[in-house]
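Commentary on secondary and tertiary structure
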Amino acid sequence: MSAEDLEKYETEMELKLYREYRDVVGLFKYVIETERRFYLTNDYEMQVHSVQGEVFFEVSMADAWVWDMYRPARFVKQVRVLTFKDVNIEELNKSDLDLPGG
């Protein structure tokens, strides 16, 4: 497989992932971003922990969708993320999802 073939494959996978995201985003209430992944979910819990002066976040989600083109199944029943990095949680506004002229 040439570098060009690999690049074409990755481009096709990214487009397929974007289309899937576009199809499912309306099913979810929250967007959760970590340093490694992007999730859609309707239910989450976040706890902030401090151990020996180090702060980390624990985010648990139920029935989530994960943005990851290398996963064969992007819908997951339970997700638990532990991170020392920032976590961004945003509530989706349903009007933001409406397409112009639609």
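Secondary structure assignment for the protein chain yields 1 helix and 6 strands. The helix and strand sequence of the protein chain, counted from the amino end, reads α-β-β-β-β-β-β. Expressed along its principal axes, the backbone C-alpha trace of the protein chain runs to roughly 50 × 40 × 25 Å. Considering the protein chain as a whole, with its 102 residues, one finds that 30% of them fall into the buried category. Once local pairs closer than 6 in sequence are excluded, the contacts in the protein chain between residues at least 24 apart make up 52%. Element-wise, carbon and sulfur atoms account for 49% of the exposed surface of the protein chain, whose accessible area totals about 7,600 Å². A gap of 5 Å separates the mean positions of the 13 positive and 21 negative side-chain charges of the protein chain.

Before going further, it helps to examine the side chain of Thr 83. Tracing the sequence through the fold places Thr 83 in strand β5 (residues 75–83). At 2.6 Å, the side chain of Thr 83 forms a polar contact with the side chain of Glu 35. Excluding residues that lie within four positions of it along the chain, Thr 83 makes contacts with Glu 35, Phe 56 and Phe 57.

Moving on, we come to helix α1 (residues 3–24). Between its first and last C-alpha atoms α1 spans 32 Å; for 22 residues at 1.5 Å apiece the expected length is 32 Å, and the two agree. Residues Met 13, Leu 17, Tyr 21 and Val 24 constitute the buried set of α1. Down the axis of α1, the smallest arc covering the buried residues is 75°, so these residues share one side. Of the exposed residues in α1, the ones pointing more than 90 degrees away from its buried face are Glu 4, Glu 7, Lys 8, Lys 16 and Asp 23.

The next thing to look at is unusual backbone geometry. If you check the backbone angles, Gln 52 has positive phi at about 50° while not being a glycine. Relative to the helices and strands, Gln 52 resides in the loop between β3 (43–51) and β4 (54–66). The backbone of Asp 63 shows a phi angle near 50°, a positive value even though the residue is not glycine. Along the polypeptide, Asp 63 turns up in strand β4. Take Asp 63: its relative accessible area is 44%, and that puts it in the partly exposed class.

What counts and how
- Residues numbered from 1 in each chain as written.
- Predicted model: local features only at pLDDT ≥ 70, side-chain atom pairs only at ≥ 80, totals over all residues.
- Heavy atoms only, no water.
- Helix = DSSP H or I, 4+ residues; strand = E, 2+ residues; numbered from the N terminus.
- Buried < 20%, exposed > 50% of the residue type's maximum accessible area, 1.4 Å probe, protein only.
- Contact = heavy atoms within 4.5 Å.
- Areas by Shrake-Rupley, 256 points an atom, 1.4 Å probe, with all protein chains shown as cover.
- Lys, Arg positive; Asp, Glu negative; His and termini not counted.
- Charge placed at Lys NZ, Arg CZ, Asp CG, Glu CD.
- Polar contact = N/O pair within 3.5 Å; in protein donor to acceptor, adjacent residues only side chain to side chain.
- Expected span 1.5 Å × (residues − 1).
- Arc of directions from axis to C-beta.

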